[in-house]
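Chain and residue survey
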There are 2 protein chains.
Amino acid sequence: MAVAQRPGADHCGVAAAMAVIDGKWKVSVLWELERCPRRFGELRRLVPGVSEKVLAAQLRELETDGVIHREVYEQVPPRVEYSLTPLGRDLNTALEALGEWGTKYLLPDSA
Amino acid sequence: MAVAQRPGADHCGVAAAMAVIDGKWKVSVLWELERCPRRFGELRRLVPGVSEKVLAAQLRELETDGVIHREVYEQVPPRVEYSLTPLGRDLNTALEALGEWGTKYLLPDSA
DNA sequence: CGGCATCCCCAAGGATACTG
DNA sequence: CAGTATCCTTGGGGATGCCG
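For the structure given in this document, a descriptive report is provided here. What you are looking at is a predicted structure, and each value in this text was computed from that prediction instead of being measured. (Residues numbered from 1 in each chain as written. Chains lettered and ligands numbered in written order. Predicted model: local features only at pLDDT ≥ 70, side-chain atom pairs only at ≥ 80, totals over all residues. Heavy atoms only, no water.)

1. Details of the relation of the copies chain B and chain A
Of the transformation superimposing chain B on chain A, the axial component is 0.0 Å and the angular component is 180°, with the fit at an RMSD of 0.0 Å. These values place the two chain copies in the arrangement generated by a two-fold rotation axis. (Least-squares fit on C-alpha atoms with pLDDT ≥ 70 in both.)

Okay, here's the thing in structure tokens:
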């Protein structure tokens, strides 16, 4: 999303997390990787609508942020697999709380 | 942030939550309101960097989404107070999980 | 005080083509 | 297959001014 960064503010942890998942497709990618490691092409298909350029860019950022791992298998044709790091798994767990809230929020009238 | 919406996908709850907090200052606002209700001008000061236009717009969206309540006191000068709804408090709780992850993530090397 | 209206800008993202 | 390179579009947000 783009979250205001206020160093020192007591919500900076949230801001940091938001910065990591800031990107239109990152949560979807994280979610898909939760099930199992995936190749680039698989992710393209699993995350409909994302372009190659943007998927590659966001994967790089997620890798830089240490939430996913990029494994290159030297073969022909090339094979690259992306997987969650332990940190990434923790992030997904934290996102689940948000997911539960969202599901509850979506209900027209909940109990 | 702007999160890909994939109706039917099993992460749609997360997407819904992300949509609600999508806005550069929304999390900060939510955070400030956690402590106590705040007036418009207070929020401006508490959330440094936000413009009047954008603050007003994001407050409207948060209100539309049912996470904050807008109370207008008919006085001169005008007085408007914003507060969290129960739904908003739940959202903040869910965000705390993310905040804890973020804090952990920020540590150079954690135990 | 608490806004809304207007104009502007720029970075994130989309489309397409090309490459190791 | 798994990307880069290039060009282009969009809209969220910044700055400023006016109003009840």
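There is more to say after this.
2. A few points about the sheet that holds strand 2 (residues 68–73) of chain B
Residues and elements named next belong to chain B. Across the sheet, which stays open at both edges, the 3 strands sit in the order 1-3-2 with antiparallel pairing between neighbours. Here the strands that pair on one side only, and so sit at the sheet edges, are strand 1 (38–39) and strand 2. Two strands pair when backbone bridges link them, and strand 2 and strand 3 (residues 79–84) are joined in this way by 6 bridges, in the antiparallel orientation. For Ile68, the partnering residue across the bridge sits in strand 3 and is Leu84. Along the sheet face, helix 4 (residues 52–64) touches strand 2 and strand 3 and points at about 115° away from the line of strand 2. (Pairing = 2+ DSSP bridges. Helix = DSSP H or I, 4+ residues; strand = E, 2+ residues; numbered from the N terminus. Contact = heavy atoms within 4.5 Å. Axes fitted to C-alpha atoms, helices over the stretch in contact; angles between N-to-C directions.)

3. Some remarks on the pattern of salt bridges
All names here are of chain A. Counting across every chain of the model gives 11 salt bridges over all chains. Glu61 serves as the salt-bridge partner of Lys26, at 2.5 Å between the closest nitrogen and oxygen. Residue Lys26 is located in helix 2 (residues 26–35), and its partner Glu61 is located in helix 4 (residues 52–64); the two are separated by 35 residues in the primary sequence. On the basis of relative accessibility, which here comes to 1%, the residue Lys26 falls in the buried class. (Salt bridge = Lys/Arg side-chain N within 4 Å of Asp/Glu carboxyl O. Buried < 20%, exposed > 50% of the residue type's maximum accessible area, 1.4 Å probe, protein only.)

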